[in-house]
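Spelled out, the chains give:
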Amino acid sequence: MSEPTPRTEARQKAAGIKKKQSDSLTGLPPNTLHISLYIRSDPPLPNDFHWAFYLHKGTSSTPGGTKYHARGIGGGWIAGHETTAGIFIENFLCVIIQIATIAPSAHDRVDEIMRSYDESLNSIPGITCRVWILTVLRKLADEGFVHCDIGELEKDCLEFGNEHSATASANEQPRPVVKSGVSS
């Protein structure tokens, strides 16, 4: 029997990673809201992340959810919301933090809240992806979808991001999923 070639080993490793990422996606509890953090530099800098929401629907017909985020383009900011079944294969993903459970009957309202600042992003004082997340979180909390102290949740997310940034930089897979200790 011959030894596997480096190319065969690379394919097997890639297939193993893909399976771990797929298993992570199917392992997320259905109807959960998350904050996903992405590293922005290599080596990563403390507290320096791109922030996004991820609403995982996780049904058998839709094995994913919707990613909501704000992106800086040129001198301004634009909304970027897309359906995805590949949150775990996104470049620079650091950690996914579960912050709430959202009943399927509330998905449409949560989607409306997520999009409520799309036309006015650049009028939010000090706009960044993190500021947008915190602004939307206030609205989600006001309507009872997220239960937490927003400042404490921000600190919790930063701690998780800083804890996992080195492994994100090394592209260790799959990326971790954690549950916030300050939200319910």
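Structure first, text after, so check above.
The paragraphs below set out a description of the structure included in this document. Only a predicted model underlies this, so the values are computations on that prediction, with no experimental measurement involved.

Our focus in this paragraph is unusual backbone geometry. A negative phi angle is the norm for most residues apart from glycine, just as the trans form is the norm for most peptide bonds. In this structure, proline 43 follows aspartate 42 across a cis peptide bond, with omega equal to 5°. Tracing the sequence through the fold places proline 43 in the loop between strand E1 (32-39) and strand E2 (49-56). A cis amide bond links glutamine 173 to the next residue, proline 174, at an omega of -5°. Inspection of the secondary structure puts proline 174 in the loop between helix H4 (150-169) and strand E6 (177-179). At phenylalanine 92, a position not held by glycine, the phi torsion is positive, near 70°. Assignment of secondary structure puts phenylalanine 92 in the loop between strand E4 (76-84) and strand E5 (93-101). Phi at asparagine 171 takes a positive value of approximately 55°, unusual for a residue other than glycine. Position of asparagine 171 among the secondary structure elements: in the loop between H4 and E6.

This part takes up H4. Its 20 residues give H4 an end-to-end C-alpha distance of 27 Å, which sits within 8% of 28 Å, the value for a rise of 1.5 Å per residue. At glutamate 163, H4 shows its largest bend, some 40°. Buried within H4 we find Ile150, Leu153, Glu154, Asp156, Cys157, Leu158, Phe160, Gly161, His164, Ser165 and Ala168. On its buried face, H4 is in contact with E1, E2, E5, helix H3 (129-142) and E6. Sitting at the amino-terminal end of H4 is aspartate 149, which places a side-chain oxygen 3.0 Å from the backbone nitrogen of glycine 151.

Reading the values: rules and limits
- Residues numbered from 1 in each chain as written.
- Predicted model: local features only at pLDDT ≥ 70, side-chain atom pairs only at ≥ 80, totals over all residues.
- Heavy atoms only, no water.
- Helix = DSSP H or I, 4+ residues; strand = E, 2+ residues; numbered from the N terminus.
- Expected span 1.5 Å × (residues − 1).
- Bend = angle between axes of the 7 residues up to and from the residue.
- Buried < 20%, exposed > 50% of the residue type's maximum accessible area, 1.4 Å probe, protein only.
- Contact = heavy atoms within 4.5 Å.
- Polar contact = N/O pair within 3.5 Å; in protein donor to acceptor, adjacent residues only side chain to side chain.

Everything listed here is a matter of geometry and, on its own, says nothing about what the molecule does.
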